[in-house]
Amino acid sequence: MRRLGGNQSKLLLALAGVAVGAVFLWLAVRDADLAAVRKALEDARIGLVLLTTLVLCVGYALHAARWKRIADAPSVPLRRFYGMVLSGLACNNVLPVRIGELLRARWLSQEAPMAGGRALGSVALDRACDVVTLAVFLAIGLQAVASAEWLLRLALGTLAALVLIAGALVFARLYTARQMRDRRTRGRMRRLIRDTIEMLGQPLGRRRAAFWMGLSFCAWTLGTVGVWLIARSVGIELSPIEAVFVASALALGVAIPSSPGYVGTYQWVGVASLGLLDVPVEQALAFSILMQASWFIPTTLAGGAILGIRALRSG
């Protein structure tokens, strides 16, 4: 049987992502009065939407600062990490299966320079900080949810993610301790895997881990502020606990691969999470559209511009 080429595989993944996004978009709009959604968007306070974009840009700077500390690459300035973060976001916005994370690792290995496996391990640790932070935020925000079924599902899903992260780190630590005696590894892929595992298995230290998590909590707090601002822009009054719940549900929910830009998935998660807080579907749908637009358009344009400049320089 003839194997699919790289371009064909990417096309199939993109088509699958579009199909997934279409299903979730239908689920989000099926009970909505679209005329009322349009009215809510027209009446939205644009100043709060623009302020949200600014707040999220600062949040991405904190994500870049955290990744720089994790990667331990002093020769690479913070602005370069910020550029790589935005470029990775732009790729994730238009390509399926979060390929931007792999590209971030490749760019870092070229910038530092460092082994590709260590760069990939730094991205994995960076994302692990996100998951742990969002799990804590979700645990805090669940106080605002009355649905026992949702509580159980979210709790089990979050617990499974945390157990997976902990298991991966323990395995990496044990593997590293065992393999340090013999550094001979044949094959490029094996060296990549070895270096990635060793990066994950390095001793973290309480102060380092606390600093990473501090940056992570600050970044996602700004994300929560963004959720609160967009909600206010369409007349939704959220308490701080409710804003924390919606922000964590959105961030975790869009991990479902869909393309482009998680269109559909983002709308469904926004409508579903706000529905648990008794927000009308029309307001919830307008919120999700503006919330996505406040980061999707700016990050795609900025990240795309950085990618274009990188391509011109390398060419």
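Now for a description of the structure that goes with this document. Here the structure is a predicted model, which means the values were calculated and not measured. (Residues numbered from 1 in each chain as written. Predicted model: local features only at pLDDT ≥ 70, side-chain atom pairs only at ≥ 80, totals over all residues. Heavy atoms only, no water.)

**What to know about the nonpolar core**
Ranked by internal contacts, the top residues of the largest apolar core, which has 55 residues, are F81, L108, L238, V246, L274 and F287. Among the elements that line this core, the one with the most residues is helix α12 (residues 281-314), at seven residues. In contact with L274, other than residues within four places in its own chain, are I236, L238, V246, V279, A284 and F287. Among the nonpolar cores identified, the runner-up in size contains five residues, and L125, C129, W212 and M213 belong to it. (Core = buried A, V, L, I, M, F, W, Y, C linked by side-chain atoms within 4.5 Å. Buried < 20%, exposed > 50% of the residue type's maximum accessible area, 1.4 Å probe, protein only. Helix = DSSP H or I, 4+ residues; strand = E, 2+ residues; numbered from the N terminus. Contact = heavy atoms within 4.5 Å.)

**Comments concerning unusual backbone geometry**
Of note, the bond from A112 into P113 is cis; its omega dihedral lies within 30 degrees of zero at -20°. Structurally, the position occupied by P113 is in the loop between α5 (99-111) and α6 (116-141). The residue D72 is not glycine, and still its phi comes out positive at about 55°. Looking at where D72 falls in the secondary structure, it is placed in the loop between α3 (46-71) and α4 (78-94). D72 sits in the exposed class, given a relative accessible area of 56%.

**A closer look at the packing of aromatic side chains**
Aromatic ring pairs are defined here through the distance separating the ring centres and the angle between the ring planes. By the definition in use, this model includes five aromatic pairs. Taking 5.0 Å as the distance between ring centres and 90° as the angle between the ring planes, the aromatic pair formed by W67 and F81 counts as edge-to-face. Placement of the pair is W67 in helix α3 and F81 in helix α4, with a sequence separation of 14 residues. Neither residue differs from the other here; W67 and F81 are each classed as buried. When the centroid spacing of 5.7 Å and the interplanar angle of 55° are considered together, the rings of Y266 and W295 count as tilted. On the criterion of sequence distance, the pair formed by Y266 in helix α11 (residues 265-275) and W295 in helix α12 is long-range, its members being 29 residues apart. (Phe/Tyr/Trp six-rings, centres within 6.5 Å; stacked < 30°, edge-to-face > 60°.)

**As for the environment of L142**
Within the secondary structure, L142 sits in the loop between α6 and α7 (148-179). Assessed through its relative accessible area of 15%, L142 is described here as buried.

**Thoughts on the packing of α11 against α12**
The geometry of α11 relative to α12 is characterised by a closest axis approach of 8 Å and an angle of 135° between their N-to-C directions. Taken together, the axis directions place α11 and α12 in an arrangement best described as oblique. Handedness of the crossing formed by α11 with α12: right-handed. Where α11 abuts α12, its residues Y266, Q267, G270, V271 and L274 lie against V281, A284, L285, F287, S288, I289, M291, Q292 and W295. Partitioned by chemical class, the residues of the contact of α11 with α12 number 10 nonpolar, four polar and no charged. (Axes fitted to C-alpha atoms, helices over the stretch in contact; angles between N-to-C directions. Parallel < 35°, antiparallel > 145°, perpendicular 65-115°, else oblique. Left-handed = near helix turned anticlockwise from the far one by under 90°. Nonpolar A, V, L, I, M, F, W, Y, C, P; charged D, E, K, R; others polar.)

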